[in-house]
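Examining the three-dimensional arrangement
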Amino acid sequence: MTDGKLLEIRDLRLELMTAQGLVHGVRGVDLSLEKGEIHGIIGESGCGKTLTAKSVLGLHDRKKTRLSGEILYTGEDGGTVDLLALRERELRPIRGKEIAMVFQDPLSTLNPLMTVGEQIAETMRAHLGLGKQEARQRAAKLLEKVGIFPGERRCAQYPFEFSGGMLQRVCIAMAICCSPRLLIADEPTTALDVTTQAQILEMLGELQRETGMAVLIITHNFGVVAELCQRVSVMYAGQIVESGPVEAIFHRPAHPYTADLMGSVPSLTGEKGRLQAIPGAPPDLREEIPGCPYAPRCGRAQERCGNPLPGMIQREEGHWCACPEGEGGRQ
């Protein structure tokens, strides 16, 4: 890893054992995250975004999953460790303290039988060794930092006493309470109304600027990427098909899937005219896919697209694409 890299995922593969058979959920993902960077992962539901993120923290059921590859993390001491090679007890000091995660559904994250203050304080007591009183005081300040007032009184309330947007703020407060170096946000605004979404995104941006932490945000919303991210990786069928600076991806998409996905997003000005739907459906991940996984749905597919791909090709500085044609599939 280079000096600037905080996290580097190399050839990550994840197979899930299900009643329907072995599912190849993640198929050779390569991704790097710089220190202090906000990096987005975007793609359709079921493309492997969350599976990839959860692999970083070892949150899969190890009895039902098979993982291979490397997830290299540069710790606070400057040393690099492969997170996939760590045992559960070795991951605990990192999980929640150095790398934290905000999940899509705050109700499934929080314990309904504990006050929100107790849950935030519990994390700080476990990782920072704080006393009960000091941890509670910090929890109250954290709630106010994420826009929940008055912090002291709100600490004594239970999750059912908060709205959906407030609960997501609580989860963010819990995630940043130990000043992590990397925050993984898994579709943190999906279940919220548009106004609350904007507030949450603005708050995440402010927290990143204040703390300097890196953020890996998972979404299917191009608006979130445009609002927050410096770089973005586009996922399809368990693979990253394009990665690069946000400006390059938005203005010069190289992979046909990226171009088609952006073409299906409505415009406020109506300049695009009729929206173009992507035909067909994603491939069955229980099957081996020898060539480009998008070829059956791609209007520009050629015979050679069924052959094994040569890997990611650099189109310009920092802009990589898995399609040999490039420029949205146009020669």
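As shown above, the structure is provided for reference.
Everything quoted here is computed from the prediction, not taken from an experiment.

Brief notes about unusual backbone geometry
- Of note, the amide linkage connecting Phe149 to Pro150 takes the cis form, showing an omega dihedral of -20 degrees.
- Within the secondary structure, Pro150 sits in the loop between α5 (132–145) and α6 (151–155).
- In this model, Glu187 sits at a positive phi of 45 degrees, which is unusual for a non-glycine residue.
- For Glu187, a relative accessible area of 8% gives the class buried.

Overview of the packing of aromatic side chains
- As enumerated under the stated definition, the model contains 5 aromatic pairs in all.
- When the ring of Tyr257 is compared with that of Tyr294, the centres are 5.2 Å apart and the planes differ by 65 degrees; the resulting orientation is edge-to-face. On the criterion of sequence distance, the pair formed by Tyr257 in helix α11 (residues 256–263) and Tyr294 in the loop between α11 and β11 (313–316) is long-range, its members being 37 residues apart.
- Following the ring pairs from residue to residue traces out a cluster consisting of Tyr236, Tyr257 and Tyr294.

What to know about the sheet that holds strand β2 (residues 21–34)
- Read from one edge of the open sheet, 4 strands run β2-β1-β4-β5, paired in antiparallel fashion. The open sheet has two free edges, formed respectively by β2 and β5 (80–82), since each of these has just one partner strand. Here the average twist between neighbouring strands, direction ignored, is 5 degrees.
- Relative to β5, strand β4 (residues 65–74) runs antiparallel, the two being bridged by 3 bridges.

Basis of the calculations
Residues numbered from 1 in each chain as written. Predicted model: local features only at pLDDT ≥ 70, side-chain atom pairs only at ≥ 80, totals over all residues. Heavy atoms only, no water. Helix = DSSP H or I, 4+ residues; strand = E, 2+ residues; numbered from the N terminus. Buried < 20%, exposed > 50% of the residue type's maximum accessible area, 1.4 Å probe, protein only. Phe/Tyr/Trp six-rings, centres within 6.5 Å; stacked < 30°, edge-to-face > 60°. Pairing = 2+ DSSP bridges. Axes fitted to C-alpha atoms, helices over the stretch in contact; angles between N-to-C directions.

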